[in-house]
Amino acid sequence: MKILWLDINSSYSHSSVALPAIHAQVRDRDQWEWTVVRGTINDNPGTLAAAVSEQCPDIIAATFWLFTHRMQIEVLSRVVQLLPDVKIVCGGPEFLGDNKAFLQRNPFITAVIRGEGEMALPQFLSNIDDQLQWRSIEGLCWIDKAAREYFDNSIARVSDFASLIYPEESQFFNWDKPFVQLETTRGCFNTCEFCVSGGEKPVRYQSIEQVRERLSNIYQHGIRDVRVLDRTFNYDITRACEMLDLFAQYDGKMRFHLEIHPSLLS
């Protein structure tokens, strides 16, 4: 079977890490034919839909953000006109709330995943034709069209974040952009209503040695600009200082973008 990832970003310089992060976790990924169609919100939706349909995928996966939501729907709604039997599964921050209304408005969407997709999507792919098994997949939301019933499996969370295979290990990690994104922690101690990470507790960490290994790989690929995705980088002062010591080893060689909370500065 063929799975196609519709990778639409807000601009060319941005690159979603969702595909490589999830692809790296799929144990039986060689049983699937993986492909990707990339674009931005400034592209023509008809052109992107044609590029997707030409691949004739069995499953389409897509990540929805605030800025890409509309474009994703415009493209996918065109694709199902050309490929009426294709299954579509979506994830991303746009599905952290109640998903029933979205699925009712867009019946061509097979299912959506609320929360972290590294474990949930591989489980969905392994049970793509068995809806009874869907009920045990954390975070999966869908409407059983035969029974006209909405199912909601709460939220998917990766408990052992440090055990995940690095996104950089996937063949779909994009090394061609001007910067890469590096997530060394997941979650945030704050509960800000406007933030997609608000209230995601506990905060989970990769070890400093894991970060060191990843940075070495990133540097060897010629990347000189790293955007660290850790929410409230200096929440843990001790870890923040260890990270800064590590970054200092690349002084003059790489630049790091951090989210610093000023009131927590010691």
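Residues numbered from 1 in each chain as written. Predicted model: local features only at pLDDT ≥ 70, side-chain atom pairs only at ≥ 80, totals over all residues. Heavy atoms only, no water.

**Quick word on the overall build of the protein**
Along the backbone of the protein there are 8 helices and 12 strands. Computed over C-alpha atoms, the radius of gyration of the protein comes to 19 Å, within 12% of the 18 Å expected from 2.2 N^0.38 for 266 residues, which places it in the range of a compact globule. Taken along the three principal axes of its C-alpha coordinates, the protein extends 60 × 35 × 35 Å. Counting over 266 residues, the protein shows a buried share of 51%. For the protein, restricting intrachain contacts to residue pairs at least 6 apart in sequence, the fraction spanning at least 24 positions comes to 69%. For the protein, the exposed surface amounts to about 13,500 Å²; the carbon and sulfur share of it is 49%. Of the charged side chains in the protein, 26 are positive and 35 negative; the average position of the first set lies 3 Å away from that of the second. (Helix = DSSP H or I, 4+ residues; strand = E, 2+ residues; numbered from the N terminus. Rg over C-alpha atoms; globule rule 2.2 N^0.38 Å. Buried < 20%, exposed > 50% of the residue type's maximum accessible area, 1.4 Å probe, protein only. Contact = heavy atoms within 4.5 Å. Areas by Shrake-Rupley, 256 points an atom, 1.4 Å probe, with all protein chains shown as cover. Lys, Arg positive; Asp, Glu negative; His and termini not counted. Charge placed at Lys NZ, Arg CZ, Asp CG, Glu CD.)

**Side note on the nonpolar core**
Counting 28 residues, the largest nonpolar core has L6 and I60 as the members making the most contacts within it. Secondary structure elements with two or more residues in this core: β1 (2–9), α2 (45–55), β3 (59–63), α3 (69–82), β4 (87–91), α4 (100–105) and β6 (140–144). In terms of residue count, the dominant contributor to this core is α3 (6 residues). Apart from the residues within four sequence positions on either side, L6 is in contact with V37, V52, I60, A61, A62, T63, Q72, V75 and L76. Residues A18, I22, V26 and I137 belong to the second largest nonpolar core, which totals 25 residues. (Core = buried A, V, L, I, M, F, W, Y, C linked by side-chain atoms within 4.5 Å.)

**What to know about the environment of H69**
Residue placement: H69 occurs in helix α3. Expressed as a C-alpha distance, the spacing of H69 and S159, which sit 90 residues apart in the sequence, is 28 Å. Residue contacts for H69: discarding those within four places in its chain leaves F64, E94 and F102. Reaching out from H69, the side chain makes a polar contact with the side chain of E94 at a distance of 2.9 Å. (Polar contact = N/O pair within 3.5 Å; in protein donor to acceptor, adjacent residues only side chain to side chain.)

**Overview of helix α8 (residues 237–248)**
Given a rise of 1.5 Å per residue, 12 residues ought to cover 16 Å, and the 16 Å separating the end C-alpha atoms of α8 matches this to within 8%. Among the residues of α8, R239, A240, M243, L246 and F247 are the ones counted as buried. Here the buried residues of α8 occupy an arc of 120 degrees about the axis, which is enough to place them on one side. Residues of α8 that are exposed and angled more than 90 degrees away from the buried face: T238 and D245. (Expected span 1.5 Å × (residues − 1). Arc of directions from axis to C-beta.)

**Here's the deal with the sheet that holds strand β5 (residues 111–113)**
The 7 strands lie next to each other as β2-β1-β3-β4-β5-β6-β7, forming an open sheet whose pairing is mixed. If you trace the sheet from one side to the other, it starts and ends with β2 (33–40) and β7 (149–152), each paired once. Across the sheet, the axes of successive neighbouring strands diverge by a mean angle of 20 degrees, strand direction being ignored. Where β4 lies against β5, 2 bridges are found, and the strand directions are parallel. Across the sheet, V89 pairs through a bridge with A111, a residue of β5. Of the strands in this sheet, β1, β2 and β3 are in contact with α2, which crosses β2 at around 175 degrees. Sitting on the sheet, α3 is in contact with β1, β2, β3 and β4, with an inclination near 145 degrees to β1. (Pairing = 2+ DSSP bridges. Axes fitted to C-alpha atoms, helices over the stretch in contact; angles between N-to-C directions.)

**What about the packing of helix α7 (residues 208–220) against α8?**
Taken N-terminus to C-terminus, the directions of α7 and α8 make an angle of 25 degrees; their axes are 11 Å apart at the nearest point. For the element pair α7 / α8, the angle class is roughly parallel. Crossing handedness for the pair α7 and α8: right-handed. Across the interface between the two elements, I208, V211, R212 and L215 from α7 touch R239, E242, M243, L246 and F247 from α8. Within the contact of α7 with α8, the residues separate by chemical class into 6 nonpolar, no polar and 3 charged. (Parallel < 35°, antiparallel > 145°, perpendicular 65-115°, else oblique. Left-handed = near helix turned anticlockwise from the far one by under 90°. Nonpolar A, V, L, I, M, F, W, Y, C, P; charged D, E, K, R; others polar.)

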